[in-house]
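Structure at a glance
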Amino acid sequence: MALSSKGVAITIARTLATFVANADAAELPAQTLDYATMLIASTLASAAVGRDIPSAVVIRELVQERGGQEEATVWFDKGAKLPTVSAARANALMSDAAASDDSDLRNITHAGTPLTAASLSIAEKTGAAGLDVLAAIVLGYEAAGRIGASITPGFRKRGFHACIIAIFSGAVATARLLKLDAEKMTHTIALAATSIGGLVAAGNESVAREYHGGNATMLGMEAAMAAAKGFTAEYRIFEMSGGFCETYGNQNSEDSASIVAELGHEWDIVTDMAIKLVPGSHFSHTTAEAAAKAARKGNIAPDEVAAIVLSRPGLTKFAEPLHPIDLVGMAHSTAYFLAAGVADRTFGWAHATQEKIDDPVIHGLIDKAEIGPQPTENVAAYRQGATVVIKTKDGRSFEDTVLVPNGAGCRGIDWADVDIKYRALTPAALMPEQVEESLKIIHGFRDLPNISTLIDQLR
């Protein structure tokens, strides 16, 4: 193991920690800060819808019953403030529960939920300025994205949930806002690497998904707080035998070096973050978009459809449930997205309502959904992409391909779309005047001397 001139072990965790601890907020690319601001709006919008989902209610009641030091606000609640970790856990779980937050395209990881919840809770306690919060979000997303890429797709094939990646976003952001140096940031990252477990099967089929999100937030923050007080961990956690990368990704230790390759060259929040501009799993967003576009091309009515064929790299069967009956099922039913896109020639926030989930026209089209042959051309361009072919009873055929979901950073994110999402979802928890005032504050987030003005609008 190499040592620096000061005798410090030069490991992957240390190299990454040095970068994220020392990065100058004022020198981060403007686009990264802009996308971080959009992520705040997106996370709050999703949380507003998730506030009254039973799983979110349970955890909110749990942390409120425990109480503690009054440090941070539970969003959309007029009760007493709570310890930062408790408030952030409840807030993250609200956002994750609604399945309308964000995803990292490489890892299918909801990194932005724990990241935003942790950052706003810590900033509320410490009085951090808007620019510092945005920098923490950019760097937290970067760390989680890089670490996640080093174990993708191995971790999922081995049955682990992506919360083992999401934990790093909140951990790094918390450490940044606590102003930890590279040494303590190293131990924050190392502790986070050994702090959480979760099963993808549980996350896909139940509300354990949002439980994972709350735990990732809570444990990531705890890792930073423990490191701040001097708790130490294994410097070599990523590259060592039996370490994080080998265990979750089943990769050689040499492959873990990708975590710190070309730091600062590209930014995950720009290249791989995708804000959800429609509900449900990002994996199915391109399916719905391609299906809707194909239906519009042919001006196809539902009763004209003979078959709807979906093709994408690696897809051999539809994930369960084929016929969803609730929000959890809808969020993970690719067949629902496919059929809904054809039925309504669009896909939006209304498709997460029970009325649409129960729509007999959509369910009739689900029975006509098929898996087609996997694409053989331009395969690398499919970033959760999809090709849809609609075949009609009179022999016509209409096709469309969407390679990257709308709302992805690499495709470009428009503030107008984020504003539409915010105005569509936050009325579930805020009064009309609060919606507009909070959105105005978010747009000017970078220049806030502290975030209290925003938090005041979320109660």
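Computed from a predicted structure; not experimentally measured.

Looking at the packing of helix α2 (residues 30-50) against helix α4 (residues 84-97)
Across the interface, α2 lies against α4 with an axial gap of 6 Å and an inter-helix angle of 85°. It follows from the interaxial angle that α2 and α4 lie roughly perpendicular. For the pair formed by α2 and α4, the contact residues are T43, S46, A47 and G50 on the first element and N91, M94 and S95 on the second. Of the residues in the contact of α2 with α4, the class split is two nonpolar, five polar and no charged.

Examining the packing of helix α19 (residues 415-425) against helix α20 (residues 432-443)
Here α19 crosses α20 at 145°, and the two axes come no closer than 11 Å. The element α19 and its partner α20 pack so that their crossing is right-handed. Contact residues: W415, D419, Y422 and R423 in α19; V435, E436, S438, L439, I442 and H443 in α20. Residue composition of the contact of α19 with α20, by class: five nonpolar, two polar and three charged.

Brief notes about the environment of V57
Locating V57 in the fold gives a position in helix α3 (residues 54-66). With relative accessibility at 22%, the residue V57 sits in the partly exposed group. Taking the C-alpha atoms as reference, V57 lies 8.6 Å from A90; in sequence the two are 33 residues apart.

Description of the packing of aromatic side chains
Using the criterion set out here, one finds nine aromatic pairs in the structure. An angle of 65° between the planes, with centres 4.9 Å apart, marks the rings of F244 and Y248 as edge-to-face. Of the two residues, F244 and Y248 both sit in helix α12 (residues 244-249), four residues apart, roughly one turn of that helix. An identical accessibility class is assigned to F244 and Y248; each is buried.

Focus: unusual backbone geometry
In this model, T152 is joined to P153 through a cis peptide bond whose omega is 5°. Mapped onto the fold, P153 is located in the loop between α6 (130-151) and α7 (154-157). Residue P321 follows E320 across a cis peptide bond; omega there is 0°. Positionally, P321 belongs in the loop between β3 (305-311) and α15 (327-332).

Observations concerning the layout of surface pockets
Estimates place the volume of the second largest pocket at around 280 Å³. Looking at the lining of the second largest pocket, the elements that each hand over two or more residues are α14 (285-298) and α19. The element contributing the most residues to the lining of the second largest pocket is α14, with five residues. Partitioning the lining of the second largest pocket into residue classes produces eight nonpolar, three polar and four charged.

Focus on the pairing of strand β5 (residues 386-392)
In terms of burial, β5 is largely enclosed, as six of its seven residues are buried. Bridge analysis of β5 against strand β6 (residues 397-402) gives six bridges, and the strand direction is antiparallel. Directly across from A386, in β6, lies its bridge partner V402. Hairpin connection, β5 to β6: the antiparallel pair is bridged by four residues, and G395 has positive phi, about 95°.

Re the side chain of R51
Topologically, R51 is positioned in the loop between α2 and α3. The exposure class of R51 is buried, given its relative accessible area of 19%. Reaching out from R51, the side chain makes a polar contact with the backbone oxygen of A428 at a distance of 3.2 Å. Once you skip the residues sitting within four places of it in the chain, R51 turns out to touch A56, V57, R60, F76, M94, A428 and A429.

Things to note about the sheet that holds β5
Spatially, β4-β3-β5-β6 is the arrangement adopted by the four strands of the open sheet, whose pairing is mixed. The open sheet is flanked by β4 (369-371) and β6, the only strands paired with a single partner. With strand direction ignored, the average angle separating the axes of adjacent strands in the sheet is 20°. Pairing geometry for β3 and β5, over six bridges, is antiparallel. Bridging from a neighbouring strand, I308 pairs with I390 of β5. Most of the contacts of α14 go to β6, to which it runs at about 145°, and overall it touches β3, β5 and β6. Of the strands in this sheet, β3, β4 and β5 touch helix α16 (residues 334-344), which is tilted by about 130° from β3.

What counts and what doesn't
- Residues numbered from 1 in each chain as written.
- Predicted model: local features only at pLDDT ≥ 70, side-chain atom pairs only at ≥ 80, totals over all residues.
- Heavy atoms only, no water.
- Axes fitted to C-alpha atoms, helices over the stretch in contact; angles between N-to-C directions.
- Helix = DSSP H or I, 4+ residues; strand = E, 2+ residues; numbered from the N terminus.
- Parallel < 35°, antiparallel > 145°, perpendicular 65-115°, else oblique.
- Contact = heavy atoms within 4.5 Å.
- Nonpolar A, V, L, I, M, F, W, Y, C, P; charged D, E, K, R; others polar.
- Left-handed = near helix turned anticlockwise from the far one by under 90°.
- Buried < 20%, exposed > 50% of the residue type's maximum accessible area, 1.4 Å probe, protein only.
- Phe/Tyr/Trp six-rings, centres within 6.5 Å; stacked < 30°, edge-to-face > 60°.
- 1 Å grid on protein atoms, 1.4 Å probe; cavity = no way out; pocket = protein on both sides within 12 Å on 5 of 7 lines; lining within 4 Å.
- Points joined across faces, edges and corners; volume = space filled by probe spheres on them.
- Pairing = 2+ DSSP bridges.
- Polar contact = N/O pair within 3.5 Å; in protein donor to acceptor, adjacent residues only side chain to side chain.

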